[in-house]
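# Notes for the structure review
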Amino acid sequence: MAIEFRVLKESTDCSARIGELKTPHGVIETPVFMPVGTKATVKTMTPEEVRDLGAQIILSNTYHLYLRPGHKLIEEAGGLHKFMNWHKPILTDSGGFQVFSLSDLRKITEDGVEFRSHIDGSTHFLSPEKSIEIQNSLGADIIMCFDECVPYPAEYEYVKKSMERTTRWAKRCKDYHQNWDRQALFGIIQGGMYKDLREKSVKDILDIGFPGYAIGGLSVGEPIDIMCDMLDFTAPMLPKDKPRYLMGVGSPDYLFEAVIRGIDMADCVLPTRIARNGTVMTSQGKLTIRNAKYKNDFSSLDPECDCYTCTNYTRAYIRHLFNVNEILGARLATIHNLYFLIKLMENIREAIKEDRLMEYREEFYKKYGYI
RNA sequence: GUGGAUAUGGCCUAGUUGGUUAAGGCGCCAGAUUGUGGCUCUGGAGAUCAUGGGUUCGAAUCCCAUUAUCCACC
């Protein structure tokens with residue numbers, strides 16, 4: 001088996017746990033936040049910089065790499081790790097999300113999805129088998145089943161049919177996957193915001209059996225209370241000795257609430273995307289660096305942060321970079337935001353260790369301005 | 001000095017057979033962003049239409065004068 005997961009400690013007052021996830025490219029301490037590097041790069045960062053920020057694993061994407069530069073080319077390069085010079089663990093998403101979110105013209109059948117490239121309009125076909133074949137070529141430590149992520153809100157009947165098809169596709173993914181010793185294939189729970197469908201999905205995906213389980217179809221625009229409610233219901237049904245991955249979550253509050261409910265892994269484009277658009281997360285809350293009030297502010301982005309950006313640059317300078325559209329602005333903000341979330345997860349792990357996660361959350365929320 | 005052209009928010013422009021709250025871009029101000037099509041997207045403020053008269057029910061638009069700028073010629 002490619003991965004080995006061990007729970008090291010469980011919280012006494014919530015479902016949070018600390019764990020250790022061994023992969024072919026190193027050990028990951030959980031709970032972990034995974035930066036996203038869709039097209040084989042965490043935008044604006046070199047892999048060395050991402051590593052030095054403390055990132056333990058990054059995400060990349062099947063759909064995008066299949067279209068460009070092509071999975072065969074990456075295989076020829078020696079796999080994704082070697083191609084992009086990132087030698088820590090990688091997780092690739094199956095491409096399911098992109099097929100459903102990017103493509104206008106798509107046709108879903110039992111066999112798979114016919115879609116048109118967002119780049120040149122060419123027609124392609126992605127199936128469970130094709131997605132696994134691509135992910136095998138890419139060579140990530142953890143790969144994902146090809147699923148359908150339904151939007152929110154969605155009709156019960158549609159979600160039900162979609163969830164059942166995702167389950168059948170999961171079986172096909174498992175049957176097709178070959179190198180289990182080098183790549184762990186995770187199953188994905190669907191079922192939208194309907195508890196009975198979530199329950200059925202968990203049961204069927206567990207029956208198929210995977211070394212790890214993801215909860216998909218959340219953080220798709222529903223209120224945070226609903227996500228929490230779905231997690232409260234879904235997470236406890238997953239086996240304790242397997243990693244649990246909540247897909248697409250990345251704001252501090254969502255991360256806290258997910259970890260408290262037993263989530264071990266999460267990924268999100270949020271920190272890197274908002275960084276490029278001039279928003280940074282700080283211990284005192286969100287800050288839009290373009291705002292005029294920072295024009296003469298020569299303090300750092302976050303007085304409590306010791307990242308590269310905060311130890312070397314001022315708000316006034318970074319604001320200037322954004323106002324004149326200089327690339328360095330996006331880089332400095334990205335460095336800070338990634339460090340902020342990586343540090344946050346480190347603090348969360350420490351808090352779990354010391355059995356004070358709920359207190360830490362309270363303290364963080366007050367300062368950040370959530371409460 | 002003579003002749004001609006132009007004058008619209010901070011900047012660049014649209015807008016004439018005269019007709020309701022003068023349009024757009026840039027800039028400015030603010031917001032959004034959650035398994036990444038994103039230097040993206042959404043919203044907001046800001047103009048007595050150079051100035052003064054006149055014609056008209058009604059003028060950025062027509063007429064006169066003034067001022068400024070540009071061009072050509074002496």
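Scroll up a little and you will see the structure.
Residues numbered from 1 in each chain as written. Chains lettered and ligands numbered in written order. Predicted model: local features only at pLDDT ≥ 70, side-chain atom pairs only at ≥ 80, totals over all residues. Heavy atoms only, no water.

### Here we look at the overall build of chain A
The condition that has to hold: By definition, any uninterrupted DSSP run of H or I lasting at least four residues is a helix, any uninterrupted run of E lasting at least two residues is a strand, and each is numbered from the N terminus. Note on method: radius of gyration uses C-alpha positions; expected globular size equals 2.2 Å times residues raised to 0.38. Burial status follows relative accessibility: with a 1.4 Å probe on protein chains alone, a residue under 20% of its type maximum counts as buried, one over 50% as exposed, and anything between as partly exposed. The contact definition used throughout considers only heavy atoms, calling two residues in contact when any of these lie within 4.5 Å. With residues, only the protein chains shown are counted as cover, and all accessible areas are computed by Shrake-Rupley using a 1.4 Å probe. Under the convention used here, Asp and Glu are negative, Lys and Arg are positive, and both His and the chain ends fall outside the count. Where a charge lies is defined by one atom per residue type, namely NZ (Lys), CZ (Arg), CG (Asp) and CD (Glu).
Looking only at helices and strands, one finds 15 helices and 16 strands in chain A. Its C-alpha atoms give chain A a radius of gyration of 20 Å, within 12% of the compact-globule value 21 Å for 371 residues. Judged by the C-alpha coordinates and their principal axes, chain A covers about 60 × 50 × 40 Å. Looking at chain A residue by residue over its 371 residues, the buried ones come to 57%. In chain A, of all internal contacts separated by at least 6 residues, the share reaching a separation of at least 24 is 67%. Summed over its atoms, the accessible surface of chain A is roughly 15400 Å², and 49% of this surface lies on carbon and sulfur atoms. Averaging the coordinates of the 47 positive side-chain charges in chain A and doing the same for the 51 negative ones gives two points 3 Å apart.

### Here's the deal with the sheet that holds strand β14 (residues 265–268)
Whenever strands of a sheet pair, they do so through backbone hydrogen bonds, lying parallel or antiparallel. Filter applied, for reference: Any two strands with at least two DSSP-identified bridges between them are counted as paired. Structural elements are reduced to axes, namely lines fitted to C-alpha atoms, with helices fitted over the stretch in contact, and the angle between N-to-C directions of any two is expressed from 0 to 180 degrees.
Ordered in space as β4-β14-β13-β12-β11-β10-β6-β5, the eight strands form an open sheet in which the pairing is parallel. Looking along the sheet, the strands with just one partner apiece sit at the ends: β4 (32–35) and β5 (58–61). Neighbour-to-neighbour, the strand axes of this sheet turn through a mean angle of 30°, independent of strand direction. Against the sheet, helix α6 (residues 128–138) engages β6 (90–93), β10 (142–144) and β11 (184–189), with an angle of about 160° to β10.

### Focus: the protein's contact with RNA strand B
Basically, it comes down to this: Here a residue is near a molecule or strand as soon as one of its heavy atoms is found within 4 Å of it. Definition of a polar contact: a pair of N or O atoms within 3.5 Å, with one able to donate and the other able to accept a hydrogen when the atoms are protein atoms, and with sequence-neighbouring residues admitted only if both atoms are side-chain atoms. Lys, Arg, Asp and Glu make up the charged group, whereas Ala, Val, Leu, Ile, Met, Phe, Trp, Tyr, Cys and Pro make up the nonpolar group; the residues left over, Gly among them, are polar.
Gln98, Cys149, Ser219, Gly248 and Val269 are the nearest of the 43 residues found near RNA strand B. Each atom of RNA strand B within 4 Å of the protein was classed as base or backbone; sugar and phosphate made up 50%. One nitrogen or oxygen atom from the side chain of His64 is found 3.4 Å from a sugar or linking oxygen belonging to RNA strand B. Here Asp93 contributes a side-chain N or O atom positioned 2.9 Å from a sugar or linking oxygen of RNA strand B. Looking at the surface near RNA strand B, the elements that each hand over two or more residues are β5, α5 (96–101), β14, α11 (270–276) and β16 (285–288). The element that contributes the greatest number of residues to the surface near RNA strand B is α11, accounting for five residues. Split by residue class, the surface near RNA strand B holds 14 nonpolar, 19 polar and ten charged.

### Brief notes about the packing of aromatic side chains
Test applied: Under the pairing criterion, centres of Phe, Tyr and Trp rings, with the six-membered ring standing for Trp, must be within 6.5 Å; the plane angle then separates stacked pairs below 30 degrees from edge-to-face pairs above 60, leaving the rest tilted.
Tallying each qualifying case throughout the model produces 15 aromatic pairs. Taking 5.5 Å as the distance between ring centres and 55° as the angle between the ring planes, the aromatic pair formed by Phe256 and Tyr360 counts as tilted. Pair noted here: Phe256 is in helix α10 (residues 252–260) and Tyr360 is in helix α15 (residues 357–368), with a separation of 104 residues, a long-range link. A residue is classified by how much of its surface remains accessible, and Phe256, at 0% relative accessible area, is buried. Seen from their ring centres, Phe364 and Tyr368 are 5.3 Å apart, and the 15° between their planes marks the pair as stacked.

### Examining the nonpolar core
Put simply, the test is: Put simply, buried Ala, Val, Leu, Ile, Met, Phe, Trp, Tyr and Cys residues joined by side-chain atoms within 4.5 Å make one nonpolar core.
Within the largest apolar cluster, 93 residues are counted, with the highest numbers of intra-cluster contacts made by Leu246, Ile348 and Leu357. At 13 residues, the largest contribution of residues to this core is made by helix α14 (residues 327–353). Ignoring any residue separated from it by four or fewer positions in sequence, one finds Leu246 in contact with Ile215, Leu218, Met227, Leu231, Ala258, Ile263, Met265, Ala266 and Asp267. Phe5, Met34, Val36 and Ala184 belong to the second largest nonpolar core, which has 20 residues in total.

### Digging into the environment of Glu29
Looking at the element boundaries, Glu29 is found in strand β3 (residues 26–30). Glu29 gets classed as partly exposed once you look at its relative accessible area, which sits at 43%. With 277 residues separating them along the chain, Glu29 and Asp306 place their C-alpha atoms 21 Å apart. When neighbours within four sequence positions are excluded, Glu29 is seen to be in contact with Gly19, Gln56 and Arg349.

### Things to note about the pairing of strand β1 (residues 4–10)
Relative to strand β2 (residues 17–23), β1 runs antiparallel, the two sharing six bridges. From the neighbouring strand, Phe5 faces β2, where its bridge partner is Leu21.

### With respect to the sheet that holds strand β9 (residues 123–126)
Sheet architecture is open: three strands sit in the order β7-β8-β9, paired in antiparallel fashion. A single partner strand is all that each edge strand has here, and the edge strands are β7 (106–108) and β9. Within this sheet the neighbouring strands show an average axis-to-axis angle of 15°, counted without direction. One ladder, built from four bridges, connects strand β8 (residues 113–116) with β9; its direction is antiparallel. Pairing of Glu114 across the sheet is with Phe125, part of β9.

### So, the side chain of Ser11
Tracing the sequence through the fold places Ser11 in the loop between β1 and β2. If sequence neighbours within four positions are ignored, Ser11 has contacts with Ala16, Ile352 and Asp355.

### Some details on unusual backbone geometry
The omega angle of the peptide bond from Arg68 to Pro69 is 5°, so this bond is cis rather than trans. Among the secondary structure elements, Pro69 is positioned in the loop between α2 (62–67) and α3 (71–76). Going from Tyr152 to Pro153, the amide bond is cis rather than trans, its omega being -5°. Positionally, Pro153 belongs in the loop between β10 and α7 (156–176). Positioned with a positive phi, Ala40 is a non-glycine residue whose angle comes to about 65°. Position of Ala40 relative to the elements: it lies in the loop between β4 and α1 (47–52). Here Ala40 falls in the buried class, since its relative accessible area comes to 13%. The backbone of Asp355 sits at a positive phi, close to 60°, despite the residue not being glycine. Summarising the element assignment, Asp355 is placed in the loop between α14 and α15. The exposure class of Asp355 is partly exposed, given its relative accessible area of 26%.

Honestly, it's all geometry; don't read function into it.
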